Amino acid sequence: MKHPQIALLVIIFSIISVSTAMASVVKGILVDESLNEGEPFATVRIFRGSPDGEALHSILTSVDGSFSQEITRKGDYTFVFSSLGKKDLTRSLFVDGNADIDLGQLYISTDATIMSDVVVVGQKPLVKMETDKMTYNVADDAQAKTNTVLDMLRKVPMVTVDGEDNITVNGSSSFQVYVDGKPSLLFSGNPSQIFKSMPASAVQSIEVVTNPGARFDAEGTGGVLNLVMDRQAGNVPGGNAYNASVSARGGSKDFGGNFFINACTGKLTTSLNMIYNQIRPGNSTISSERASQNENVTSISKNNIRMPFAMGNLSIGYDPDSLTTLGATFAINNFRIKSPGNMFTEISSPDMNFSYNNNSQNRINRLSINGSIDFSRDFGCNRKNQISASYQIQHDKNKNLTSSDFDDAPQSFIDLTDRSADNRENTTLHILQADFTSRINASSNISAGAKLSFRNANSDATYLLNGSPDIDNSPKYDNKNTIAAIYGEYSFSKNSLGAKGGLRYEHTWQDVRYRAGNGSDFSNSYGILVPSASLSYTLSPSSNIGINYNMRISRPGISYLNPYVDRSNPTALTYGNPDLDVEKSQYVGLAYNMFTSKLLINLTLSDNYTGNGIEQYSFMDGNMLNTTYGNIVRRNRTGLNAYINWMPRSNTRLFLNGDVNYTDIRSSRLKLHNSGWQASAMLGVQQTLPAEIKLGAFLMASTKNHTLQGWSSGFQMLSLNLSRSFLDNNLNITVSATTGLSKKGRMEIESFSANRDFSNHTRMSVPMAGFSIGVSYTFGNAGNIKTHTARRSGNDFLEQKSGMEQIASPQGNDTNNIPAGM
């Protein structure tokens, strides 16, 4: 042969081609038969032929029970699945090298001979840890029967709720709220007030996504807070089954109830969730002292708030075949605030000393209607590819009515004319999205997609003095936003190493037109390229480490942009800023997870930098305190978040969820600088008492929080609950109590702000002491239904799976089990 090198290359290429062509990927999901959930960290041993001798491969299932292994040789193979407390499961198969093999769901059962000598102390951990996401299983927390969603958020890793109920996610107050993987205008607009009114029993889990990938919207510098609503039944082809629950709660500060039902008939699954709740916190007192060059103003106000909340949600899923999933949702929510109050004010100046009373009314009514349709289909050899599409529509109506009536008083330098305001905002959002995902091989995946959002908002404000409209101070305008986005993402996972990287480009067109009042029309157009990346490494079967990077943005909402001036307080004005720019932030986080049968630890060290942060600030204009927003700060926050769960005994669990961080805030425009340390912690214990009574006790506290112009104090509160299940755990009764640790069980909060020309000191006293009783009953015939996971278009949010099953040796005759959950 004249060219032996060419012949050798042909032979080598042929061998490589044949070996590549004969490679097959075997995958599946290992499921706990009794829990109907993925079995995490089970051992999968793969033998050639019979299961004798040394295994060719030994791998672990992931946190959701899934596994995947590439087989490069044709022949007979045996897969042996092992997990602590379970019977070994064996599956034999023939691999021909021409096609991938999907084993589907494999059910592993409890080994009765082993379980007779051990006590199961917790099969569903409250927290599932990943390097870029945390999931808190609300349904497994006994306090969910009587608490609100805001109460539960105090326990969620990476989330902080301060004494004034302000929420921060990953150290930022800018975050997106999703419901079942879809953005929600209602919840994102005013999450604190809505979560305070929403019963936790309606939520299955809360997911905190600290590093959303490229396929998620770039909005929200703190990440994404996703609420997975309560779903209990699944889809059984050819079967008919249902699960339902009804619950009621009442106490010294709230009452309400909810009903949930999930049913399946053949390929059709439907669920209905209805909620009503009303919060009555009691009389709150706020006192303030403001000092400036010309005057001192002191005031004390009292108000009594009522917050009704109602929600209805209908979901329909249909699987026409094994490759296709169709879904539709419809939801309606109504949230209201009724707050009558009285404020007494004293003003002292060189020219005059006088006082006056202000009787006020504040009513907020928010109505949200939304619906969606989803489609997804697997295709290609062995379902390697998936395409999905969705359409979502939301309409929000927000009405805010305020009035202030003043008694007779001298009106020398402030206006005490009776006044009222009717401010109405309407927002309609249309979202179109399409996504494509493809598995390149056993270790690599790619995804790409596009999204188009149309948001039309209008604001109509009517300001009245003695019942007559003040046209100049009653702005009416339209705000149109169109956002087009495309993204691409690549993920890799092999052996102990995992990586993901992506780019997302978003282009925004904004148009604001004033129909009445003071204000100038303007248009704006800009594009943003948003990168994200993550790298993870499995140190051992029980520990991993990961590093995440992302860039996030925060577009100012209509409440920040609205130039409407709130004049309800004669000595202070509050208004938005239509010239606000998009806030950009850079985030880097290092996460470490470790889990054993008795100890679970998550540590996250992070740094978040924002160069053009939006900050609320105040200044004096004559005798009037003005408060507005601006892109005026450079903010850097470095912090450590820790979640520790320790089980010293089979019926005792101890918790720590806390963070400590250092914040540096600077504003060259205001020539201000502030910095300092801040810490918060939740300490908890769960104890199973005799007679299967479950006790939970939680202490929550935080230190001073620093702002650009000052600080706000920390808080301390205590929460207790007792629960007992009856009728094979179908009936649950929970009694809970909460109190502040200040005088008479109240929560006392102080805040201070200052500039060159004023200082303001505020003290707030909130009644916290209260109790609640909750009763829930679950019924149905779907106890053995296999879970149906809806594939949602354009997001990674799936219903959560359980974490490690934890088993401990028996301790004497103690057969009490820890409450389900960590």
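Here, the structure is the one placed above.
Residues numbered from 1 in each chain as written. Predicted model: local features only at pLDDT ≥ 70, side-chain atom pairs only at ≥ 80, totals over all residues. Heavy atoms only, no water.

### What about the overall build of the protein?
So, step 1. Helix and strand counts for the protein come out as 6 helices and 46 strands.
So, step 2. Here the protein holds 822 residues, and the buried ones make up 51% of them.
So, step 3. Within the protein, contacts between residues at least 6 apart in sequence are counted, and of these 67% link residues at least 24 apart.
So, step 4. Entry remark: accessible area of the protein is about 35200 Å², with carbon and sulfur atoms responsible for 56%. (Helix = DSSP H or I, 4+ residues; strand = E, 2+ residues; numbered from the N terminus. Buried < 20%, exposed > 50% of the residue type's maximum accessible area, 1.4 Å probe, protein only. Contact = heavy atoms within 4.5 Å. Areas by Shrake-Rupley, 256 points an atom, 1.4 Å probe, with all protein chains shown as cover.)

### Things to note about the packing of aromatic side chains
When we look at a pair of aromatic rings, we describe it by the centre distance and by the angle of the planes.
So, step 1. Scanning the entire structure with this criterion turns up 14 aromatic pairs.
So, step 2. Taking 6.2 Å as the distance between ring centres and 35 degrees as the angle between the ring planes, the aromatic pair formed by Phe-379 and Phe-436 counts as tilted. In this pair, Phe-379 sits in strand β23 (residues 353–379) while Phe-436 sits in strand β25 (residues 419–441), placing the two residues 57 residues apart along the sequence.
So, step 3. Here Phe-436 falls in the partly exposed class, since its relative accessible area comes to 31%.
So, step 4. Plain terms: the ring middles of Trp-711 and Phe-752 are 6.1 Å apart, the flat faces sit at 25 degrees to each other, and that makes the pair stacked. Pair noted here: Trp-711 is in strand β40 (residues 710–712) and Phe-752 is in strand β43 (residues 746–755), with a separation of 41 residues, a long-range link.
So, step 5. Counting every residue linked through ring pairs, the aromatic cluster contains Phe-67, Phe-79 and Phe-81. (Phe/Tyr/Trp six-rings, centres within 6.5 Å; stacked < 30°, edge-to-face > 60°.)

### A few points about the sheet that holds strand β3 (residues 43–48)
So, step 1. Here 4 strands make up an open sheet; going across it, the order is β4-β3-β6-β7 and the pairing antiparallel. Of all strands in the sheet, those bounded by a partner on one side alone are β4 (57–60) and β7 (89–95). Sheet twist, expressed as the mean angle between neighbouring strand axes with direction ignored, is 20 degrees.
So, step 2. Of the pairings in the sheet, the one linking strand β6 (residues 75–82) to β7 comprises 7 bridges and is antiparallel in character. Across the sheet, Phe-81 pairs through a bridge with Leu-89, a residue of β7. (Pairing = 2+ DSSP bridges. Axes fitted to C-alpha atoms, helices over the stretch in contact; angles between N-to-C directions.)

### What about the environment of Met-134?
So, step 1. Relative to the assigned elements, Met-134 resides in strand β11 (residues 133–136).
So, step 2. In the structure, Met-134 is positioned 74 residues away from Val-208 in sequence and 5.1 Å away in space, judged by C-alpha atoms.
So, step 3. Apart from residues lying up to four places away in sequence, Met-134 is in contact with Lys-128, Met-129, Pro-157, Met-158, Ile-206, Glu-207, Val-208, Asn-602 and Thr-604.

### Observations regarding the environment of Ser-753
So, step 1. You can see Ser-753 is positioned in strand β43.
So, step 2. As a C-alpha pair, Ser-753 and Tyr-617 span 136 residues in sequence and 9.1 Å in three-dimensional space.
So, step 3. Those residues in contact with Ser-753, other than ones at most four positions away along the chain, are Gln-709, Gly-710, Phe-758, Ser-759 and Asn-760.

### Details of the nonpolar core
Across soluble globular proteins, you tend to see nonpolar side chains buried next to one another.
So, step 1. If you look at the biggest cluster of nonpolar residues, it comprises 54 residues, and the most contacted ones within it are Leu-153, Ile-167, Phe-195, Met-198 and Leu-225.
So, step 2. In terms of residues, this core owes the most to one element, helix α3 (residues 149–153), which gives 4 residues.
So, step 3. In this structure Phe-195 touches Thr-148, Val-149, Leu-150, Leu-153, Ile-167, Val-177, Phe-187, Leu-225 and Leu-227, once residues within four positions along its chain are discounted.
So, step 4. Counting 16 residues, the second largest nonpolar core, distinct from the first, contains Ile-46, Phe-81, Val-95 and Leu-106. (Core = buried A, V, L, I, M, F, W, Y, C linked by side-chain atoms within 4.5 Å.)

### Quick look at the sheet that holds strand β14 (residues 176–179)
So, step 1. Spatially, the 6 strands line up as an open sheet ordered β10-β11-β16-β17-β14-β15, and their pairing is mixed. Both edges of this open sheet fall to β10 (127–129) and β15 (182–183), since each of them pairs with a single strand only.
So, step 2. In terms of strand pairing, β14 meets β15 through 2 bridges, oriented antiparallel. Residue Val-179 lies in a different strand from β15, and its bridge partner there is Lys-182.

### Notes on the pairing of strand β41 (residues 715–726)
So, step 1. Only one face of β41 is buried: it carries Phe-715, Met-717, Ser-719, Asn-721, Ser-723 and Ser-725, and the other face, with Gln-716, Leu-718, Leu-720, Leu-722, Arg-724 and Phe-726, is open.
So, step 2. Two strands pair when backbone bridges link them, and β41 and strand β42 (residues 731–740) are joined in this way by 10 bridges, in the antiparallel orientation. For Leu-718, the partnering residue across the bridge sits in β42 and is Thr-739.
So, step 3. Linking β41 to β42, which pair antiparallel, is a turn of 4 residues; within it Leu-727 sits at a positive phi near 50 degrees.

### Things to note about the pairing of strand β24 (residues 385–406)
So, step 1. As judged from the 22 bridges shared by β23 and β24, these two strands associate in the antiparallel manner. If you follow Phe-375 over to β24, its bridge partner there is Ala-389.
So, step 2. What sits between β23 and β24 in their antiparallel hairpin is a turn of 5 residues, with Gly-380 showing a positive phi close to 90 degrees.
So, step 3. Pairing analysis gives 20 bridges linking β24 to β25, with the strands arranged antiparallel. Residue pairing in the sheet places Asn-400 in a bridge with Asn-423 of β25.

### Quick notes on the side chain of Arg-154
So, step 1. Considering the arrangement of structural elements, one finds Arg-154 in the loop between α3 and β12 (159–161).
So, step 2. Residue Arg-154 is classed as buried on the basis of its relative accessible area, which comes to 9%.
So, step 3. Here the side chain of Arg-154 touches Val-161 through a polar contact of 3.2 Å, landing on its backbone oxygen.
So, step 4. Once residues within four sequence positions are removed from consideration, Arg-154 is found in contact with Val-161, Asp-162, Asp-165, Asn-657, Met-682, Met-700, Phe-715 and Met-717. (Polar contact = N/O pair within 3.5 Å; in protein donor to acceptor, adjacent residues only side chain to side chain.)

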